[in-house]
Amino acid sequence: MSESPVPERASAAPVRADAPFDVEADILVVGGGGGGLPASLFARWLGNDVVLLEKARELGGTARKAAFWYWVPNNAAMRDLGIADDEPDYLRYVARLSRPHHYDPDSPTLGLSDWELALCRAIYQSASPAAELLHERGALPYRHCRDVPDYWSELPEDKAPTGRVLVPEGARDSMSDGGEVGVRTMSAAAQRDGVEIRTRHRVQRLVTANGAVVGVEASTADGATVRVRARKAVIFASGGFTHDGELRDNFLAAPAYGGCAAITNEGDFVRIASAVGAQLRNMSYAWMCPVPLEKAVARRPDLIGMFSVAGDSMIFVDKHGRRVVNEKLPYNELAQEFFRWDPLRGEYPNLVLIQVWDQRSQEHSASDEYGRLIVPPGTDDGHVIRGETLEALEAAITERLERYRAHTGGLTLAEDFAANLRASVERFNRFAERGVDEDFGRGERAVQQLFNGLVKDEPGRENPTMWPISETGPYYAALVTGGTLDTKGGPKTTPDGQVVDDLERPIPGLYGVGNCVASASRRAYWAGGATLGPIIALAYRAANAAHAEAVNELSPAVTAA
């Protein structure tokens, strides 16, 4: 017998606390992923009764599919090693990336808004205490990644270019399974320490009394409505809106087909918080990555973003067969290239690109980690296109594109594709022989080599990201587009996670952390783990602030039945 699906979304309009509650807790956490699990643990360790409601059938959310690097400025391991990471230096780095067009190192706010500066400062101040508490309590033991560089480590503002990344202690050497490990250890700690966990509960709306949020109504998989009271506060950590097509199409600046967030990330909190007057912020931004077109269109729950593009004898080309990008850019920056607008032709010429590789890369760079599209035998390779010659590969790509014409605006290969592809391969091969990419600078930055993936060892070569593509087949290809790891816009919050209204006033009893609320990073992706590290820091602050809330007093008639 198959499991019941997640309940459909219902009205987000708030309801009054004029009926009995089914469950009570001091603090209610909505969402059991990379924000909700830490928030529930921090709240519980402060002595609160905590209930965690998760929409899916299991905990983990998007974090379960991630490598779970978490970026912790001035972490304890750095301090033990004597690596300086002072707050002013950190703030200059994040300000330079978040608002490069406003950045002013001599300004008191560095060009950030007061709100952005406050959130960035809160991350610095709370990330390490939060990480250490999780580590000490056995919820998230970590190991320090001393040599992992920030994504913009060459910038002069980055005074601590390595050492800020932590990863779950039990993750494999490649760190690709960190999400599974981190979710497992935090889930076990939550169960051990008395967090009441209820899965397959979709929160539909808030319950209010006397101008404050005092609980929620949730739908269960069997159609029941459960009213949960929060005596102090409700903390939402329910993810972004990657899988709500209407929100994505109307708010994101990029025409993304979807992404690799948990399939239950449908922007629930955008509607729920808006219904009580929450102010929205940064709705046009997302954490971006390349994704295989087929899986994105199919909304495959197992879709993982291409954190690392595999292969050295490999290139990306457009519908004309022209190489158009540095394939080894960090994933957030590489994804932006898919959304470039051509004002003369009135189209997104790179919205779907074609990854092309040879037998060498197939044999030496195949991997089932980090969303790589060059995969080993016996794994899911439905996205792979094959041809014994470049001409045969062109025919196979044409056939594959035909299947998806309804999703791509009728995209087809140009008549000059074959000739241009051969010319692109020849030009790339000349660069690869010398190890210098004169067109796009592939392999010139440390982070590009960090994400290079497995390649055949070639003694003496200086640029491991490049090798000439073979003059003979077989050849392989895949259709690639830009997608979201998740969105990062939503209700605006204070540095302590309090959701604010249009006049910047906190909405009593309502908190938010993670990708369901607005990120101060704007378009920027500061480093590996710059999603989860700040989320954990702000979950720590939200839990402490919620703990300090006075208990809301309700009529005995509406307390737990």
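In case you missed it, the structure is sitting above this.
Keep in mind that what you see is a predicted model, and the values were worked out from it rather than measured.

Undergrad: Kindly report on the overall build of the protein chain, identifying the contributing residues and their values.
TA: Per the secondary structure count, the protein chain includes 15 helices and 19 strands. By the compact-globule yardstick of 24 Å for 561 residues, the protein chain fits well, its C-alpha radius of gyration being 24 Å. Across its three principal directions, the C-alpha atoms of the protein chain cover 80 × 55 × 45 Å. Burial statistics for the protein chain: of 561 residues in total, 61% are counted as buried. The long-range fraction of contacts in the protein chain, counting pairs at least 24 apart against all pairs at least 6 apart in sequence, stands at 75%.

Undergrad: I'd like to hear about the pairing of strand β13 (residues 314-317), residue by residue, with values.
TA: Judged by which residues are buried, β13 turns out to be covered on both faces: Met314 and Phe316 on one side and Ile315 and Val317 on the other are all buried. Here four bridges tie β13 to strand β14 (residues 352-358), and the two strands are oriented antiparallel to one another. Residue pairing in the sheet places Met314 in a bridge with Trp357 of β14.

Undergrad: Please set out helix α11 (residues 390-403) residue by residue, giving values where relevant.
TA: Helix length check: α11 (14 residues) gives 20 Å between terminal C-alpha atoms against 20 Å at 1.5 Å per residue, within 8%. Every buried residue belonging to α11 is among Leu390, Leu393, Glu394, Ala396, Ile397, Arg400 and Leu401, and all of these are buried. Looking straight down α11, one finds its buried side chains confined to an arc of 170°; they lie on one side. At its buried positions, α11 is contacted by α8 (293-298), β14, β15 (385-387), α12 (405-408), α13 (417-434) and β16 (475-487).

Undergrad: For the packing of helix α1 (residues 36-45) against helix α4 (residues 114-136), give the residues involved together with the corresponding values.
TA: Taken N-terminus to C-terminus, the directions of α1 and α4 make an angle of 75°; their axes are 11 Å apart at the nearest point. Here α4 runs roughly perpendicular to α1, going by the angle between their axes. Contacts from Pro38, Leu41, Phe42 and Trp45 in α1 reach Ala130, Leu133 and Leu134 in α4. Of the residues in the contact of α1 with α4, the class split is seven nonpolar, no polar and no charged.

Undergrad: Please give an account of the packing of aromatic side chains that cites residues and values.
TA: The final tally for this structure, using the stated rule, is 20 aromatic pairs. Ring geometry for Phe42 and Tyr540: centres 5.2 Å apart, planes at 85°, overall edge-to-face. With Phe42 in helix α1 and Tyr540 in helix α15 (residues 532-547), this residue pair connects regions lying 498 residues apart in the sequence. The exposure class of Tyr540 is partly exposed, given its relative accessible area of 22%. With centroids separated by 5.8 Å and ring planes inclined at 35°, the aromatic side chains of Tyr151 and Tyr525 adopt a geometry described as tilted. Taken together, the residues span a long stretch of sequence, with Tyr151 in the loop between β5 (142-145) and β6 (165-168) and Tyr525 in the loop between β19 (506-512) and α15 at a distance of 374 residues. This pair shows no difference in class: Tyr151 is buried, exactly as Tyr525 is. By way of ring pairs, the aromatic residues Trp69, Tyr151, Trp287, Phe307, Tyr331, Tyr370, Phe451 and Tyr525 are connected into one cluster. When the ring centre of Phe21 is taken as reference, the NZ or CZ atom of Arg227 above it lies at 4.9 Å. In this arrangement the basic side chain of Lys488 is found over the ring face of Trp287, its NZ or CZ atom lying 3.7 Å from the centre.

Undergrad: A description of the packing of α1 against α15 should follow, citing residues and the corresponding values.
TA: Relative to each other, α1 and α15 sit at 35°, their axes nearing to 8 Å. As for how α1 packs across α15, the hand of that crossing is right-handed. On the side of α1, the interface is formed by Pro38, Ala39, Phe42 and Ala43, while α15 contributes Ile536, Ala539, Tyr540 and Ala543. The class makeup of the residues in the contact of α1 with α15 is eight nonpolar, no polar and no charged.

Definitions and cut-offs
Residues numbered from 1 in each chain as written. Predicted model: local features only at pLDDT ≥ 70, side-chain atom pairs only at ≥ 80, totals over all residues. Heavy atoms only, no water. Helix = DSSP H or I, 4+ residues; strand = E, 2+ residues; numbered from the N terminus. Rg over C-alpha atoms; globule rule 2.2 N^0.38 Å. Buried < 20%, exposed > 50% of the residue type's maximum accessible area, 1.4 Å probe, protein only. Contact = heavy atoms within 4.5 Å. Pairing = 2+ DSSP bridges. Expected span 1.5 Å × (residues − 1). Arc of directions from axis to C-beta. Axes fitted to C-alpha atoms, helices over the stretch in contact; angles between N-to-C directions. Parallel < 35°, antiparallel > 145°, perpendicular 65-115°, else oblique. Nonpolar A, V, L, I, M, F, W, Y, C, P; charged D, E, K, R; others polar. Phe/Tyr/Trp six-rings, centres within 6.5 Å; stacked < 30°, edge-to-face > 60°. Lys NZ or Arg CZ within 6 Å of the ring centre and 35° of its normal. Left-handed = near helix turned anticlockwise from the far one by under 90°.

Nothing here speaks to function; it is all geometry.
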